[in-house]
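# Working through the structure, step by step
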Amino acid sequence: DAGITQSPRYKITETGRQVTLMCHQTWSHSYMFWYRQDLGHGLRLIYYSAAADITDKGEVPDGYVVSRSKTENFPLTLESATRSQTSVYFCASLTMNTEAFFGQGTRLTVV
Amino acid sequence: GIQVEQSPPDLILQEGANSTLRCNFSDSVNNLQWFHQNPWGQLINLFYIPSGTKQNGRLSATTVATERYSLLYISSSQTTDSGVYFCAVRRDAGGTSYGKLTFGQGTILTVHP
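Attention here is on the structure that accompanies the text. (Residues numbered from 1 in each chain as written. Chains lettered and ligands numbered in written order. Predicted model: local features only at pLDDT ≥ 70, side-chain atom pairs only at ≥ 80, totals over all residues. Heavy atoms only, no water.)

Our focus in this paragraph is the overall build of chain B. Each helix and strand in chain B was counted, giving zero helices and eleven strands. A globule of 113 residues ought to have a C-alpha radius of gyration of about 13 Å, and chain B, at 14 Å, matches this closely. Overall, chain B is about 50 × 25 × 20 Å in size when its C-alpha atoms are taken along their principal axes. When the 113 residues of chain B are sorted by exposure, 49% land in the buried category. Nonlocal contacts in chain B, meaning residues at least 24 apart in sequence, comprise 57% of its contacts between residues at least 6 apart. For chain B, the accessible surface area stands at approximately 5,300 Å², while carbon and sulfur atoms represent 49% of it. Chain B carries 7 positive and 7 negative side-chain charges, and their two centres are separated by 9 Å. (Helix = DSSP H or I, 4+ residues; strand = E, 2+ residues; numbered from the N terminus. Rg over C-alpha atoms; globule rule 2.2 N^0.38 Å. Buried < 20%, exposed > 50% of the residue type's maximum accessible area, 1.4 Å probe, protein only. Contact = heavy atoms within 4.5 Å. Areas by Shrake-Rupley, 256 points an atom, 1.4 Å probe, with all protein chains shown as cover. Lys, Arg positive; Asp, Glu negative; His and termini not counted. Charge placed at Lys NZ, Arg CZ, Asp CG, Glu CD.)

Set out below in C-alpha cells:
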C-alpha cells in the first residue's frame, strides 16, 4: 500500500523490556520524524532524520534510539521501557516544500 | 523555541453551526499545517498554508504570517467534524534541520446532532 504505515498499532510491554516501533513510507521522502502524543502536551518531537544514516534528537529524545539504514524505514526503539513512555507514537514524513504526512499511530502501554 | 497557542480549547456546536478556530504563534514561520484528529486517533491533513487563504469544501483556512496567526473556518458543521483540530508550524532551516513541526495543544470540537 502506498503511504506511511506504522506497526504494531497497539503494543503492551513490561517495564524494562526493549521494544521497537516500525515506520515505513513508500514515497521515498527524505525527511522522517517520530512524535509522541500525551494528554496535556500535544505532540512532541522525539527524533528526526534528514536522510538515510542522518538522524538527530528532537525535544524529548531520552530513552529512545533510532536508526535509518534505508530511506523508507525509520524504526524507533525504547531500550528499556518505562511507564512514562506510555503514549501514542506517530511517525511522519515529508520532502522539500511539501506538507508532512502521518502514519496511523502506535498506542504503547508500558506496565 | 516557537510557542503555538490554539483557541478555544473546547468548542461544542449544534449541527449546522459555523465556527472559527484560531492559532497564534510566537515567531516567524515558513510553513503551517492544520490537522484533524478523528475519534480513531488518525491525523488527517486539512491544509498546508504558510500564507494566504485556501478552501476545501466546508472548510477554509487563512494564515497571516506577518501577524503570526492562522484561522480555520468550519461552516455548516456535521457530527463527523468532531475531533481535535491541531495547528502545527515549521521554521525550516537549511541542511538537516528541516520539516520539524511544533504543535499547538489543539481545539476539541464536539458537534451534536
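Now that the structure has been shown, the text picks up again.
To continue, consider the sheet that holds strand β3 (residues 19-25) of chain B. All names here are of chain B. Here we have five strands laid out as an open sheet, ordered β1-β3-β8-β7-β6, and antiparallel in their pairing. Because the sheet does not close on itself, it has two edges, and the strands there are β1 (4-7) and β6 (52-56). On average, each strand axis in the sheet is inclined to that of its neighbour by 15°, with strand direction left out of account. Relative to strand β8 (residues 69-74), strand β7 (residues 59-64) is paired through six bridges, and the arrangement is antiparallel. Bridged to Val64 within β8 is Tyr69. (Pairing = 2+ DSSP bridges. Axes fitted to C-alpha atoms, helices over the stretch in contact; angles between N-to-C directions.)

All names here are of chain A. What the four strands build is an open sheet, ordered β1-β3-β8-β7; its pairing is antiparallel. Each edge of the sheet is formed by a strand with only one pairing partner; in this case those strands are β1 (4-7) and β7 (64-66). Here the strands of the sheet are splayed against their neighbours by 20° on average, with no regard to which way each runs. In the sheet, β1 pairs with strand β3 (residues 19-25) via four bridges, with the strands oriented antiparallel. Pairing of Thr5 across the sheet is with His24, part of β3.

A few words now on the interface of chain A and chain B. With 23 residues of chain A at the interface, the matching set in chain B holds 19 residues. Around 1,800 Å² of area is buried between chain A and chain B when both sides are counted, 57% of it from carbon and sulfur atoms. A per-residue breakdown of the area chain A buries against chain B is headed by Leu43(A), Glu99(A) and Phe102(A), which together make up 26% of the total. Counting across the interface, chain A meets chain B through zero salt bridges. Applying the counting rule to chain A against chain B returns seven residue pairs in polar contact (both at pLDDT 80 or more). In the side of chain A that touches chain B, the residues fall into 14 nonpolar, eight polar and one charged. (Buried area = accessible area lost by both parts, 1.4 Å probe. Salt bridge = Lys/Arg side-chain N within 4 Å of Asp/Glu carboxyl O. Polar contact = N/O pair within 3.5 Å; in protein donor to acceptor, adjacent residues only side chain to side chain. Nonpolar A, V, L, I, M, F, W, Y, C, P; charged D, E, K, R; others polar.)

It is worth spelling out the side chain of Ser87(A) at this point. All names here are of chain A. Locating Ser87 in the fold gives a position in strand β9 (residues 87-94). Only 2.9 Å separates the side chain of Ser87 from the backbone oxygen of Gln37, close enough to count as a polar contact. The contacts of Ser87, once residues within four sequence positions are left out, are Arg36, Gln37, Asp38, Thr106, Arg107 and Leu108.

Moving on, we come to the nonpolar core. All names here are of chain B. With 22 residues, the main nonpolar core has Phe25, Leu32, Trp34, Phe47, Leu72 and Val89 as its most contacted residues. Secondary-structure elements contributing two or more residues to this core are β2 (10-14), β3, β4 (31-37), β5 (43-48), β7, β8, β9 (83-90) and β11 (107-112). Apart from the residues lying within four places of it in its own chain, the contact partners of Phe47 are Leu32, Gln33, Trp34, Lys54, Gln55, Asn56, Leu59, Ser60, Ala61 and Leu72. (Core = buried A, V, L, I, M, F, W, Y, C linked by side-chain atoms within 4.5 Å.)

Our focus in this paragraph is the environment of Gly52(B). Residue and element names in this part refer to chain B. As for its position among the elements, Gly52 is in strand β6. Counting along the chain gives 39 residues from Gly52 to Leu13, while the straight-line C-alpha distance between them is 27 Å. Aside from chain neighbours lying at most four places away, what touches Gly52 is Ala61, Thr62 and Thr63.

For the rest of this paragraph, the subject is the state of the cysteines. If you walk through the whole model with that rule in mind, you get two disulfides over all chains. What pairs with Cys23(A) in a disulfide is Cys91(A), and their sulfur atoms sit 1.8 Å apart. With the S-S bond torsion at -75°, the cross-link from Cys23(A) to Cys91(A) turns out left-handed. Here Cys91(A) lies in strand β9 and Cys23(A) lies in strand β3, a separation of 68 residues in the sequence. The exposure class of Cys91(A) is buried, given its relative accessible area of 0%. Residue pairing for Cys23(B): its cysteine sulfur links by disulfide to Cys87(B), the two sulfurs lying 2.0 Å apart. An S-S torsion of about -55° defines the bridge between Cys23(B) and Cys87(B) as left-handed. Of this pair, Cys23(B) sits in strand β3 while Cys87(B) sits in strand β9; the two residues are 64 residues apart in sequence, bridging distant segments of the chain. Taking relative accessible area as the criterion, Cys23(B) reaches 0% and is therefore assigned buried. Taking relative accessible area as the criterion, Cys87(B) reaches 0% and is therefore assigned buried. (Disulfide = S-S within 2.5 Å.)

Distances and angles like these do not, on their own, reveal function.
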